[in-house]
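Below, each chain spelled out in residue letters.
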Amino acid sequence: MGVEVRVEALSKSFGRQNIWHNVSLTLPAGEISALLGPSGTGKSVFLKSLIGLIRPEGGRCLVDGVDTVSADEKTLLRTRRQFGVLFQDGALFGSLPVYDNVAFPLREHTRKTEAEIRSIVMEKLAMVGLVGTERKLPGEISGGMRKRAGLARALVLDPEIILCDEPDSGLDPVRTALLGQLLMDLNAQTDATILVVTHNISLARTLPDNLGMLFRRELVMFGPREVLLTSDEPVIGQFLNGRRTGPIGMAEEKDQALLDAERHLDPGEDEVRGLVPQLEPTPGLPERRGLARHRHRLGEGWHTLPEHTRAAVTAAHEAEQAQRRTAAAS
Ligand SMILES: Nc1ncnc2c1ncn2[C@@H]1O[C@H](COP(=O)(O)OP(=O)(O)OP(=O)(O)O)[C@@H](O)[C@H]1O
């Protein structure tokens, strides 16, 4: 089963620049979560803080009983092996061919034979559609391919927690959709806890079980997709619709005068609100244990959910049932 990551009152500054403060959230074991937020709000800094690459000055991050904020280097190295991380730029070694890049963690952290390593590397390369690029250097493949090679490398040690920093950046829409499916399938197969940082609205709406949003140096919200996708919070609605109008501006925050001037503007006809259907694992794969736990949790807290969230969940459930009946009858 995946591992829970519990973040309590985390704060990080660089010198006098506060990046975010008092961030608390729990990545539920085996569920997929996504962290959103305008550029520069510190999402990458947050991911790096979880694995102790960046040390916040306050708060805790608990992974299997280890606080990665205060742990010594030796303990951190052990805990980091539970993570597979896809960094924003892929973070490949430029002088090593794709094959050796992907094999690197296996050679570094395991005693596997070259034959065993080969079988794992080729399996992961096939998973991300990169068979045939083994001998190429990172500089000889496209940005999107480097991303996928980075993902293959993040997966070779079968991590219990997978962190992906903008896995979709540099990918075309079709490959982004395929990547979303890949992460969903991976979760069904391994029950790994997954956190994805993304700007991609479609991915944010359809992939995760939980969503969170960083804005103005705070975590505005973090919770089940059912709550965030039906939220009235202006900053969430603006981001999930890619709207120009709303609290987020080019310099992250707009001043009040600009916000007041926008009040009369039509938010746009292509607004998507509510609970769009979530991606499902490819047919034939196991049912997601994380999803079962997610639904159980939602049921337990049912009476604390906003009225409109409950109505949306009920409507989505009824639509799903109707679709099943139609499929069974045909
Ligand atoms: N090692 C560092 N030293 C000093 N400042 C840093 C460091 N790393 C990040 N920052 C600053 O922290 C802020 C947040 O950066 P970060 O890369 O986490 O944002 P982000 O939300 O991931 O942005 P984007 O969506 O554009 O990738 C930026 O102002 C950045 O300059």
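Description of the structure in this document. (Residues numbered from 1 in each chain as written. Predicted model: local features only at pLDDT ≥ 70, side-chain atom pairs only at ≥ 80, totals over all residues.)

1. A few points about the overall build of the protein
Of the regular secondary structure elements, the protein holds twelve helices and twelve strands. For 330 residues, the compact-globule estimate of 2.2 N^0.38 gives 20 Å, and the protein sits close to it at 21 Å. Along the first, second and third principal axes, the C-alpha atoms of the protein reach 65 × 65 × 40 Å. The buried share of the protein, reckoned over its 330 residues, is 39%. In the protein, the proportion of contacts linking residues at least 24 apart, taken out of those at least 6 apart, comes to 69%. (Helix = DSSP H or I, 4+ residues; strand = E, 2+ residues; numbered from the N terminus. Rg over C-alpha atoms; globule rule 2.2 N^0.38 Å. Buried ≥ 20, exposed ≤ 12 C-beta atoms within 10 Å, placed from the backbone. Contact = placed C-beta atoms within 7 Å.)

2. With respect to unusual backbone geometry
Excluding glycine, residues mostly carry a negative phi; peptide bonds, for their part, are mostly trans. With a phi close to 45 degrees, E166 is a non-glycine residue in the positive phi region. Among the secondary structure elements, E166 is positioned in the loop between strand 7 (161-165) and helix 6 (173-190). Phi at D191 takes a positive value of approximately 60 degrees, unusual for a residue other than glycine. For D191, the position within the fold is in the loop between helix 6 and strand 8 (193-197).

3. Describing the environment of G290
Looking at where G290 falls in the secondary structure, it is placed in helix 11 (residues 289-300). Judged by C-beta crowding, with 23 C-beta atoms within 10 Å, G290 ranks as buried. Once the C-alpha coordinates of G290 and A29 are considered, the two residues, 261 residues apart in sequence, prove to be 7.0 Å apart.

4. Here we look at the sheet that holds strand 8
With mixed pairing, the six strands of this open sheet are ordered in space as 6-7-8-3-9-10. Here the strands that pair on one side only, and so sit at the sheet edges, are strand 6 (83-86) and strand 10 (218-224). This sheet shows a mean twist of 15 degrees between the axes of neighbouring strands, independent of strand direction. Note that strand 9 (residues 210-215) and strand 10 share six bridges and pair antiparallel. (Pairing = 2+ DSSP bridges. Axes fitted to C-alpha atoms, helices over the stretch in contact; angles between N-to-C directions.)

5. Focus on the site of the ligand
Taken together, F14, I19, G37, S39, G40, T41, G42, K43, S44 and V45 make up the full set of residues adjacent to the ligand. Ranked by residue count, the leading element in the shell around the ligand is helix 1 (residues 43-50), at three residues. Residue composition of the shell around the ligand, grouped by class: three nonpolar, six polar and one charged. (Near = placed C-beta within 6 Å. Nonpolar A, V, L, I, M, F, W, Y, C, P; charged D, E, K, R; others polar.)

6. Here's the deal with the pairing of strand 8
Among the five residues of strand 8, five are classified as buried, and the element is accordingly described as predominantly covered. When strand 3 (residues 32-36) meets strand 8, the two strands line up parallel, connected through four bridges. Its bridge partner being in strand 8, I32 is matched across the sheet by I194. Strand direction decides the pairing type here: strand 7 and strand 8, joined by five bridges, are parallel. Looking at the pairing, L163 lines up with L195 of strand 8. What joins strand 7 to strand 8 is helix 6, and the crossover it makes is right-handed. (Right-handed = clockwise from strand over helix to strand, strands pointing away.)

7. What about the packing of helix 3 (residues 98-109) against helix 5 (residues 143-155)?
It is the contact of helix 3 with helix 5, at a shortest axis distance of 7 Å, that shows an interaxial angle of 30 degrees. Taken together, the axes of helix 3 and helix 5 are roughly parallel relative to one another. Seen along the crossing, helix 3 lies across helix 5 with a hand that is right-handed. For the pair helix 3 and helix 5, the contacting residues are V98, N101, V102, F104 and P105 in the first and A149, A152 and R153 in the second. A breakdown of the residues in the contact of helix 3 with helix 5 according to their chemical character gives six nonpolar, one polar and one charged. (Parallel < 35°, antiparallel > 145°, perpendicular 65-115°, else oblique. Left-handed = near helix turned anticlockwise from the far one by under 90°.)

8. Let's talk about the sheet that holds strand 2 (residues 17-27)
In space, the four strands of this open sheet follow the order 2-1-4-5, with antiparallel pairing throughout. Two strands bound the open sheet, and with one partner strand each, they are strand 2 and strand 5 (66-67). One ladder, built from five bridges, connects strand 1 (residues 5-14) with strand 4 (residues 58-63); its direction is antiparallel. By the bridge assignment, S11 is partnered in strand 4 with G58. Along the sheet, helix 1 contacts strand 1, strand 2 and strand 4; its crossing angle with strand 1, the most-contacted strand, is approximately 120 degrees.

9. Here's the deal with the nonpolar core
With 72 residues, the main nonpolar core has V102, A152, L163, L183, V196 and M213 as its most contacted residues. Take this core: its biggest share by element is six residues, from helix 5. The contacts of M213, once residues within four sequence positions are left out, are L36, G37, V220, M221, V235, I236 and F239. (Core = buried A, V, L, I, M, F, W, Y, C linked by C-beta atoms within 7 Å.)

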